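# Residue-level structure breakdown
So the chains spell out like this:
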Amino acid sequence: MLSEASGSSTSAGRRDGQRQAPSKSPAPVALPRTSEKEPPPYGAQHRQDALWEGGNDALPPLWQQYQVLDQIHYQDDALVMTSFNRPLPGVRLDDPGVLVDPECEWHISPFGRSYFVNHNTRTTSWNKPRAERPAGSLTPECIMEGHSRCIWSLAYLKASCNVMSASGDGSICQWKRDGEPVGKSWDGGGGGVQSIAVHLDDTTVVSGSIDGRLRLWNIKEGSMIGDPWEGHDAAVRCLDWSPDALEIASGSQDGTIRRWNPDTGRQIAPPIKTGHGWVHAVKYSPQADKFISGGNGPICVWSRNGKLLIEIKGHDSSVTSLCWSKDGAHIFSGSGDLTIRKWGAIDGKELVVLRGHTNYVRSLCLAPNERYIVSASHDYSIRIWDLKTNQAVGDPLLHDDQVFAVAMSPDGKCIASAGLDQKICVWSLEAALERHQGADDNNAKLKANATRRPPIRLTPRQVPQGFFDGVQNSHPPSPQPRRRPFASSWGLRPRALLARLPQPFHRSQHNADEPTELQQRPGPSTSPRRIPSIVEVPALDDKKALYVARRPETASEMAKRIKNPKWWVRVVLFICCASPSTDSDH
C-alpha cells in the first residue's frame, strides 16, 4: 500500500482523522548526503543507532507514518516504498519476495537513506533493483516523459484518444498519441494528484488530491472550474463519473465514499462508511443503478441510494481495482493477493481466478470488445489476459519500476501504463497479440515435430565381402510359358493339372527344423502370370536375422485342418475325382 504525502511524517491531526490544510505541491527535498557517498558495504547490515535528527525515536527525513485499520505503515516518500517495519539501521524493510529481485533486501543507512543489498553479487547500491528485460521483448510504441514524480492515474479522451495523467508532483498533463504534450500542465495546489476521471463528453475532468479535495477542470482551457470541493478527511484515492453524468463518486483514505453534484460541487447524500480502511476503487455499473467499492475486506455492492446490497468475499488482501462488464452481469477485481478475479454481480459467485503476477495487482482495464482484460502490477509488468481462455497472452510488458495505472484507448488499439518510473508507456495491443500468435504457431510446430514419428528411410549400405558365405543361394524363378486356358485342362491327368495350378494350391514341404526364408506376399494382379516382386531389404549386421524357424504343427492343429479344408482344397479334390483315369496313372 502506498500513499503520497506532502511532509516528512504524518501529523497527529491526520492520524486522528482531522482534515489537514491544503498545501502546495511538494518540492523535492535534498537529503543530507555529506557523509554518505556510498551505501554501507555488504555485510554491514546490523543493528546500530540512527544518526539522523531525533535518532531512533524519530522517523528518517522524508518518511511518513500512517495507519490503515490496525496496521501501521512506514513510507519512504523519496522512493514511494512502504514497509511494515519501523525504519532503523540493520532492520530489513521489505517482505521477502516483494522486490523484483528475490535476492535483494531493502535497508536504511544510519543517516536515513534507503539502499539495497544484493546477495547474488554481494554488493550494495542506492538504486532499486530492476527487472531484467528479456532480449527481443516488446517495446512501447511511444514513451511520454515530463512528470517529476510517480504517476498515479491515467485516462483516455474518447474523441482524440489523447492521454491524461495525474502525478505525485501535483500536476495533470494531457498528451497526444505520439507523446507530444498538449499545452502546459495543470496544478491545482493540492499536492500530489492520486486520481482523475473524465466526463463522457470529454469536456471536463475531475481530480482528487492528497489534501482530501476534489477539483473540476475544463479540458479545453486547462483551467479549474470554481473552488475545490471539500469533504474528505484524507487523500482521495479513486473517482468515477456515473454513466448518466449526474453524479461523481469519490473514495478516500478516510474510509468513506462521497457522492457529488458536478454542477454545484456539493455532496448529494451523507458519506458512506465502507469499513474498507482505505477505499482504493469505486465504479458505477454501466446501467447506473448501483456502484461497487474495494479496499480492505470484501467488495461491496451498493444501490444508487447508498444501500449495501451484497458483500463479495474471496480475496486474501486489499482490493485495489474494479471494473464492470458492459452488461453489468460481471465484476472484475484486482488485489494485493496477486490475483485478478471475475464475479457474478448478482450473487457474488466467484467465476474465474487469473494468476501470474508476483506482486500487488494495482490497476485493471477492460478492452472495448471485452475479449481481453489488462492488469498493471507492482511486479513492474503489464499483462494481457484472454477472457475466453482465461490465460495470459504473450510475455509481460515491462516497466522499470512498479506500475500503478493502466488504461485502454477507446478504439481498443493501445494500452497506456505508468507508475513509479515517471514514464507513460503506450503499447500496441495488436503487436502484443501478433507476437503471442506467432509464438503459439512456433510452439505448435515444435510440438508437432516433437511428436511426429520420423519416416523410415532405407539407406543403401555396403555389404561386407563374404557376408552371405554359407547361405544357400536362391534365384527368382525363371519366366514360364503362357498357360493355356483353364477349360482345356479338363483332359489332362490330375497330377499334370496339379502341377499347373498356381503356387498357393501347393503346400510347401518343409522340414519343421529347417529355417524358412521370409518373402513379401505378392499383391493382387490381373496378369495370368505372377512374377514375384523384388523387395530391397537393407543389409543387417546379423545374417541370422534374415530367417525365422517354422513352429512345428501340433496334432490337434493338423486334425482341424484336415476336418475343415479350405475352399481351394475342395476344388482340387473335385478335379482329381472328376478326371478320367488312364493306364499310365496306375
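In this report, we go over the structure that sits alongside the text. Just so it is clear, the model here is predicted, and its values are computed rather than measured. (Residues numbered from 1 in each chain as written. Predicted model: local features only at pLDDT ≥ 70, side-chain atom pairs only at ≥ 80, totals over all residues. Heavy atoms only, no water.)

## Points about the overall build of the protein
Note the cut-off: In this description a helix means any DSSP run of H or I spanning at least four residues, a strand means any run of E spanning at least two, and both kinds are numbered starting from the N terminus. Burial classes follow relative accessibility: with a 1.4 Å probe on protein chains only, a residue under 20% of its type's maximum area counts as buried, one over 50% as exposed, and anything between as partly exposed. When checking whether two residues touch, look at their non-hydrogen atoms; a contact exists if any pair is within 4.5 Å. All accessible areas in this document rest on Shrake-Rupley with a 1.4 Å probe, and a residue is counted as covered only by the protein chains that are shown.
Check the secondary structure of the protein and you find five helices and 37 strands. Here the protein holds 586 residues, and the buried ones make up 45% of them. Long-range pairs, those at least 24 residues apart, make up 49% of the contacts in the protein with a sequence separation of at least 6. Accessible area for the protein stands at about 32400 Å²; split by element, carbon and sulfur atoms hold 51% of it.

## As for the environment of Lys349
Of note, Lys349 is situated in the loop between β27 (339–344) and β28 (350–355). Overall, Lys349 belongs to the exposed group, its relative accessible area being 52%. Separated by 37 residues in sequence, Lys349 and Ile312 place their C-alpha atoms 7.7 Å apart. Setting aside anything within four residues of it in sequence, one finds Lys349 in contact with Lys342, Trp343 and Gly344.

## Focus: the sheet that holds strand β4 (residues 104–108)
Note the threshold: Between any two strands, at least two bridges found by DSSP are needed for them to pair. Helix axes use the C-alpha atoms of the stretch in contact, all axes being lines fitted to C-alpha atoms, and the angles between their N-to-C directions lie in the range 0 to 180 degrees.
If you trace the three strands from one edge of the open sheet to the other, you get β4-β5-β6, paired in antiparallel fashion. Bordering the open sheet on either side are β4 and β6 (123–125), each of which pairs with just one other strand. In this sheet, neighbouring strand axes are inclined to one another by 30 degrees on average, regardless of whether the strands run parallel or antiparallel. The pairing of strand β5 (residues 114–118) with β6 spans three bridges and is antiparallel. In the sheet register, Val117 faces β6, and the bridge partner there is Thr124.

## Some words on the layout of surface pockets
Going by this rule: With a 1 Å grid laid over protein atoms only, a set of points is called a cavity when a 1.4 Å probe fits there but cannot get out and a pocket when it is open yet has protein on both sides within 12 Å along at least five of seven lines; lining residues have an atom within 4 Å of a point. Grid points are joined across faces, edges and corners, and a volume is the space filled by probe spheres set on the points. Ten residue types, Ala, Val, Leu, Ile, Met, Phe, Trp, Tyr, Cys and Pro, are classed as nonpolar, four, Asp, Glu, Lys and Arg, as charged, and the remainder, Gly among them, as polar.
Taken as a whole, the second largest pocket spans an internal volume of roughly 1500 Å³. If you go around the second largest pocket, you meet 48 residues; those closest to its centre are Asp240, Lys283, Cys323, Leu364 and Cys365. Secondary structure elements with two or more residues in the lining of the second largest pocket: β8 (151–156), β12 (193–198), β16 (236–241), β21 (279–284), β25 (319–324), β29 (361–366) and β33 (403–408). Looking at the lining of the second largest pocket, its residues break down into 30 nonpolar, eleven polar and seven charged.

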